[in-house]
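# Observations on the three-dimensional arrangement
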Protein chains: 2
Amino acid sequence: MADDVLFEFLHMEIVGHVYKEQATREDIDKERVTCVSTLEAMGFRVGQGLIERFTKDCPSFKDDLDIMKFVCKDFWSTIFKKQIDNLRTNHQGTFVLQDNTFALLTQFSIGKQYLEDAPKYLAFSCGMIRGALSNLGLEGVVTAEVSVMPSCKFQVVIQKT
Amino acid sequence: MADDVLFEFLHMEIVGHVYKEQATREDIDKERVTCVSTLEAMGFRVGQGLIERFTKDCPSFKDDLDIMKFVCKDFWSTIFKKQIDNLRTNHQGTFVLQDNTFALLTQFSIGKQYLEDAPKYLAFSCGMIRGALSNLGLEGVVTAEVSVMPSCKFQVVIQKT
């Protein structure tokens, strides 16, 4: 539990810091986009580093779905102490990962009050997924959406090479 | 292990980000001071949050030394997976906490090559100690020094009230 808390607190600090630092700059217009991409880029590098460690002693994966299952189970549970609750795919490179109680949103009130703040707290994790997949040879785009707190859907669209 | 890695990677990202963002600003002069205090402030808030959780079910402490022992043992091992190796005090409010293999420095080469970079990676932890102590009623100043990697000494000077 303590570890989760350390990560969650540190994550909150980063989000707060990135948004605060942008607010003091002049280019307020670009604020939101820049913050999200800053956080996403951090997550990307952390995801790359983590997956390298986690897969050190793993056999290789047989296909994209196999990789995605690894991310949903092993990768996710090491970071967030639970697996992704639901993985769906159209078998054409799009995957939807649903976490019904996403750790970085559980500190929020369950109502709609903070719904618009949620994306701030998802950018880093989108980056982590993208970084992990990238190191496993899958380049793609990862987005997230929240409709009901603290549940969250990550959509992964793999780019065909 | 995985948890440590997550924290370490995230910590590295923060340090990198804070220094990079400062480098792009005009006030290069103040660069170093500002970065250190930004990181220290983040650590302070994280330390406050953590100690609140960790001491939730703890009996109260009988004196400053008792608090410091708690920080060296329980607090430190939850965060860094090991206790502080050596705690010394002059019994007048100054404490020296020595960690012979400080987790945030172990990724560095052991030689002197990166010795001057070490302070960047200590500011956050100084803040964490200060935040933890502050929530336990001890206001003080926390500094760190490294003479041989990856060993590190934190000096805590408690301000008499």
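In this text, all values refer to a predicted model and were calculated from it rather than measured experimentally. (Residues numbered from 1 in each chain as written. Chains lettered and ligands numbered in written order. Predicted model: local features only at pLDDT ≥ 70, side-chain atom pairs only at ≥ 80, totals over all residues. Heavy atoms only, no water.)

Turning next to the confidence of the model for chain A. Per-residue confidence for chain A gives a mean pLDDT of 88, with 91% of residues at or over 70. In the predicted assembly, ipTM is 0.83 and pTM is 0.87. (pLDDT = per-residue confidence, 0-100.)

We now examine the sheet that holds strand E1 (residues 86-89) of chain B. Residues and elements named next belong to chain B. Here four strands make up an open sheet; going across it, the order is E1-E2-E4-E3 and the pairing antiparallel. Looking at the sheet topology across the chains shown, the edges are occupied by E1 and strand E3 (140-145). Sheet twist, expressed as the mean angle between neighbouring strand axes with direction ignored, is 15 degrees. (Pairing = 2+ DSSP bridges. Helix = DSSP H or I, 4+ residues; strand = E, 2+ residues; numbered from the N terminus. Axes fitted to C-alpha atoms, helices over the stretch in contact; angles between N-to-C directions.)

With that settled, consider the packing of aromatic side chains. Residue and element names in this part refer to chain A. This structure, assessed with the given rule, holds 18 aromatic pairs over all chains. Here the aromatic residues Phe7, Trp76, Phe80, Phe102, Phe124 and Phe154 are joined through ring pairs into a cluster of three or more. The ring centre of tyrosine 19 lies 4.7 Å from the NZ or CZ of lysine 120, which sits over that ring. (Phe/Tyr/Trp six-rings, centres within 6.5 Å; stacked < 30°, edge-to-face > 60°. Lys NZ or Arg CZ within 6 Å of the ring centre and 35° of its normal.)

Attention now goes to the sheet that holds strand E2 (residues 94-99) of chain A. Residues and elements named next belong to chain A. Pairing within the open sheet is antiparallel, and its four strands lie in the order E1-E2-E4-E3. Sheet topology places strand E1 (86-89) and strand E3 (140-145) at the edges, where each strand pairs with a single neighbour. Taking each pair of neighbouring strands and ignoring which way they run, the sheet shows an average axis angle of 15 degrees. As paired strands, E2 and strand E4 (residues 152-158) are joined by six bridges and run antiparallel to one another. Paired with aspartate 99 across the bridge in E4 is cysteine 152.

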